[in-house]
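What follows is the residue order along each chain.
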Amino acid sequence: MDVLVDLARHVLVPVVVVDDAADAPALGDALVAGGLPVAEVTFRTAAAPDAIRALAARGDVLVGAGTVLTPRQVDTAVAAGARYVVAPGTSRAVVERCAEHGVAVLPGAVTATEVQAALELGVTTVKFFPAGTSGGAAAIAALAAPFRDVRFVPTGGVGPGNLHEYLALPCVTAVGGSWMVPRDLVAARAHHALRTLVADAVALADSRRPRATR
Ligand SMILES: O=C(O)C(=O)C[C@H](O)[C@H](O)COP(=O)(O)O
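Please read these numbers as outputs of a predicted model, since none were measured by experiment.

Q: Give a description of the overall build of the protein that names residues and reports values.
A: If you tally the helices and strands in the protein, you get 10 helices and eight strands. A compact globule built from 214 residues should have a C-alpha radius of gyration of about 17 Å, and the protein, at 16 Å, falls within 12% of that. Projected onto the principal axes, the alpha-carbon positions of the protein cover approximately 45 × 40 × 30 Å. The long-range fraction of contacts in the protein, counting pairs at least 24 apart against all pairs at least 6 apart in sequence, stands at 58%.

Q: Got a sec to walk through the site of the ligand? Specific residues and values, please.
A: Within the structure, the ligand sits among 13 residues, and T67, K127, T155, G157 and S178 are positioned closest to it. Between an oxygen atom of the ligand and a main-chain N or O atom of T67, the distance comes to 3.0 Å. Within the backbone of G157, one N or O atom sits 2.8 Å away from an oxygen atom of the ligand. Bound to the protein, the ligand loses 83% of the 410 Å² it would expose on its own. Taken atom by atom, the bulk of the ligand overlaps the largest pocket. Residue composition of the shell around the ligand, by class: three nonpolar, seven polar and three charged.

Q: Tell me about the packing of aromatic side chains, residues and numbers included.
A: Under the definition given, this model contains one aromatic pair. Ring centres of F128 and F152 lie 6.3 Å apart, and the angle between their planes is 80 degrees; on these two criteria the pair is classed as edge-to-face. You can see F128 sitting in strand 6 (residues 125–128) and its partner F152 sitting in strand 7 (residues 151–154), a full 24 residues away along the chain. Judged by its relative accessible area of 0%, F128 falls in the buried class. Here K127 stacks its cationic end above the ring of F129, 4.7 Å away from the centre of that ring.

Q: Lay out the side chain of D23 in plain terms, naming residues and giving numbers.
A: Mapped onto the elements of the fold, D23 is located in the loop between strand 1 (12–16) and helix 2 (24–34). For D23, the residues in contact, after removing those within four places along its chain, are V18, V186, A187 and R189.

Q: Break down empty space enclosed by the protein for me, citing the residues and quoting the values.
A: This structure, assessed with the given rule, holds one cavity of 30 Å³ or more. Counted as a void, the largest cavity has a volume near 40 Å³. Taken together, L7, V13, E40, Y84, V86, L106, K127, V153, T155 and G176 make up the lining of the largest cavity. Per-class residue counts for the lining of the largest cavity are six nonpolar, two polar and two charged.

Q: Please set out the pairing of strand 2 (residues 38–42) residue by residue, giving values where relevant.
A: In terms of burial, strand 2 is a largely internal element, five of the five residues being buried. Residues V38, E40 and T42 point to one face of strand 2 and A39 and V41 to the other, with burial holding for every one of them. One ladder, built from two bridges, connects strand 1 with strand 2; its direction is parallel. Along strand 2, the bridge assignment pairs V16 with V41. Since strand 1 and strand 2 lie parallel, the crossover through helix 2 that links them has a hand, and here it is right-handed. When strand 2 meets strand 3 (residues 62–66), the two strands line up parallel, connected through five bridges. If you follow T42 over to strand 3, its bridge partner there is G66.

Q: So, the pattern of salt bridges: which residues are in play, and what are the values?
A: A full pass over the atoms with the stated rule returns 10 salt bridges. A salt bridge links D19 to R183; the nearest nitrogen and oxygen atoms lie 2.6 Å apart. With a gap of 164 residues between them, D19 in the loop between strand 1 and helix 2 and R183 in helix 9 (residues 183–187) connect regions that are remote in the sequence. Overall, R183 belongs to the partly exposed group, its relative accessible area being 44%. The partner of E40 in a salt bridge is K127, and the shortest N-O contact between them spans 3.7 Å. One end of the pair, E40, is in strand 2; the other, K127, is in strand 6, and 87 residues separate them in sequence. For E40, a relative accessible area of 3% corresponds to the buried category. Three or more residues joined by partner-sharing salt bridges are found here, namely D29, R58 and D60.

Calculation rules
- Residues numbered from 1 in each chain as written.
- Predicted model: local features only at pLDDT ≥ 70, side-chain atom pairs only at ≥ 80, totals over all residues.
- Heavy atoms only, no water.
- Helix = DSSP H or I, 4+ residues; strand = E, 2+ residues; numbered from the N terminus.
- Rg over C-alpha atoms; globule rule 2.2 N^0.38 Å.
- Contact = heavy atoms within 4.5 Å.
- Near = heavy atom within 4 Å.
- Polar contact = N/O pair within 3.5 Å; in protein donor to acceptor, adjacent residues only side chain to side chain.
- Areas by Shrake-Rupley, 256 points an atom, 1.4 Å probe, with all protein chains shown as cover.
- 1 Å grid on protein atoms, 1.4 Å probe; cavity = no way out; pocket = protein on both sides within 12 Å on 5 of 7 lines; lining within 4 Å.
- Sits in = over half its atoms within 2 Å of the grid points.
- Nonpolar A, V, L, I, M, F, W, Y, C, P; charged D, E, K, R; others polar.
- Phe/Tyr/Trp six-rings, centres within 6.5 Å; stacked < 30°, edge-to-face > 60°.
- Buried < 20%, exposed > 50% of the residue type's maximum accessible area, 1.4 Å probe, protein only.
- Lys NZ or Arg CZ within 6 Å of the ring centre and 35° of its normal.
- Points joined across faces, edges and corners; volume = space filled by probe spheres on them.
- Pairing = 2+ DSSP bridges.
- Right-handed = clockwise from strand over helix to strand, strands pointing away.
- Salt bridge = Lys/Arg side-chain N within 4 Å of Asp/Glu carboxyl O.

And the structure:
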């Protein structure tokens, strides 16, 4: 799907917890100013749908929904304008509801059995979550051997110190993380601090995977 191509082009997926949807405009401004107009808004707070709505309405941020656990949340996310749905695990119900809506879905998978389950549901790009405690880049490289057509989006425990390990793998199309959008800075609408963190993350990713090859 085109959205997955766009995510791969951006390389990084900021995973954000928004406590108040009124914080979304400042978040969107910082993401755009920092050069990474992408957000995965997690359904960990009640503000998530309105935050997605606010980010989607501005038209310059590729916004998705994260921590989606149920088909009902898929409906809510899509109605709010989410262009993609991310789930921590591989749920048939969630994947099928996404397919009904025609929205891209990134279900979580960290074992061979989970990857096979995702493939059986027609999914070829999975979220590798939680990446850090599931074997990290070495585990992804091992899984990529039998699953040659599967692409991975490692998330969870990724940061500036280990980003390069993941970006070195051709099967990693993008990397998710919250390090460039800390919850407290989002809540503080700390534009300059957020913009700097985002820009630094983009520069770091660029240094490991130049845009020309993305
Ligand atoms: O459950 C989900 O679908 C999630 O959204 C999980 C988040 O992607 C990670 O919790 C982010 O991990 P950190 O970058 O280590 O903060």
